[in-house]
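Secondary and tertiary structure notes
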Amino acid sequence: MSTSENATVAIDATLPGPCEGWGDDAPLIRSILDRVGDKWGILVIAVLRDTPMRYKQLHRSVPGISQRMLTLTLRHLERDGLVTRTVYPEVPPRVDYALTHLGVSLLEHVLGMAMWASEHTEEIRHHRDAFDQRQSGTA
């Protein structure tokens, strides 16, 4: 670990709030939060809630995601144990992606964030518009 990483861990251990007790796990916890809080990760987890899906199905079900970003997101989610990748020995090969038990345990929270965003779109839109007007000097 580099000197700057050691300093970051030491600082994180003294921060108040949710970071207070993280100690040496702070970098890992931050990376987990980055993964599960990433917009593509959230959407992929939400889309996989009901059934395993093939890559093309996933790509069609997550509006705006590029093939490269979907591939990266799936790899990261698989690495963290949230998604499984099952290859079937068929011609042509079939690959399914599904939530693991760990991924399912995160699903309620992911769907809760999505529901919160859906329920508050008008209020947030209003605040963004007001902020943008103040910043442009037209308010």
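Residues numbered from 1 in each chain as written. Predicted model: local features only at pLDDT ≥ 70, side-chain atom pairs only at ≥ 80, totals over all residues. Heavy atoms only, no water.

According to the stated counting rule, one finds five salt bridges in the structure shown. Residues Asp96 and Arg94 are paired through a salt bridge, measuring 3.4 Å at the closest nitrogen-oxygen approach. As a salt-bridge pair, Glu122 and Arg125 come within 2.4 Å of each other at their nearest N and O atoms. Of the two residues, Glu122 and Arg125 are both situated in helix α7 (residues 121-136); the distance of three residues between them amounts to about one turn of the helix. Because the salt bridges share partners, they merge into one network encompassing Glu90, Arg94 and Asp96. (Salt bridge = Lys/Arg side-chain N within 4 Å of Asp/Glu carboxyl O. Helix = DSSP H or I, 4+ residues; strand = E, 2+ residues; numbered from the N terminus.)

Now for the confidence of the model for the chain. The predicted structure's coordinates, where accompanied by low pLDDT, should not be read in detail. Across the chain, the average pLDDT comes to 86, with 86% of residues at 70 or higher. A low-confidence stretch, residues 2-13 stays under pLDDT 50, and its non-local contacts, those more than four residues away or across chains, total 12 contacts. (pLDDT = per-residue confidence, 0-100. Contact = heavy atoms within 4.5 Å.)

This paragraph deals with the sheet that holds strand β3 (residues 94-99). Reading across the sheet, the three strands line up as β1-β3-β2 and stay open at both edges, with antiparallel pairing between neighbours. Two strands bound the open sheet, and with one partner strand each, they are β1 (53-54) and β2 (83-88). Note that β1 and β3 share two bridges and pair antiparallel. Residue pairing in the sheet places Met53 in a bridge with Tyr97 of β3. (Pairing = 2+ DSSP bridges.)

This paragraph deals with unusual backbone geometry. Backbone torsion omega between Val91 and Pro92 reads -5°, so that peptide bond is classified as cis. On the secondary structure map, Pro92 appears in the loop between β2 and β3.

Okay, the nonpolar core next. Grouped together as the largest cluster of nonpolar side chains are 22 residues, with contacts concentrated most on Val44, Ile45, Leu48, Leu58, Leu74, Val83 and Tyr97. Of all the secondary-structure elements, those providing two or more residues to this core are α3 (39-47), α5 (67-79), β3 and α6 (101-119). Not counting the four nearest positions on each side in its chain, Tyr97 is found in contact with Leu48, Pro52, Met53, Tyr55, Leu58, Leu74, Val83, Thr84 and Arg85. (Core = buried A, V, L, I, M, F, W, Y, C linked by side-chain atoms within 4.5 Å. Buried < 20%, exposed > 50% of the residue type's maximum accessible area, 1.4 Å probe, protein only.)

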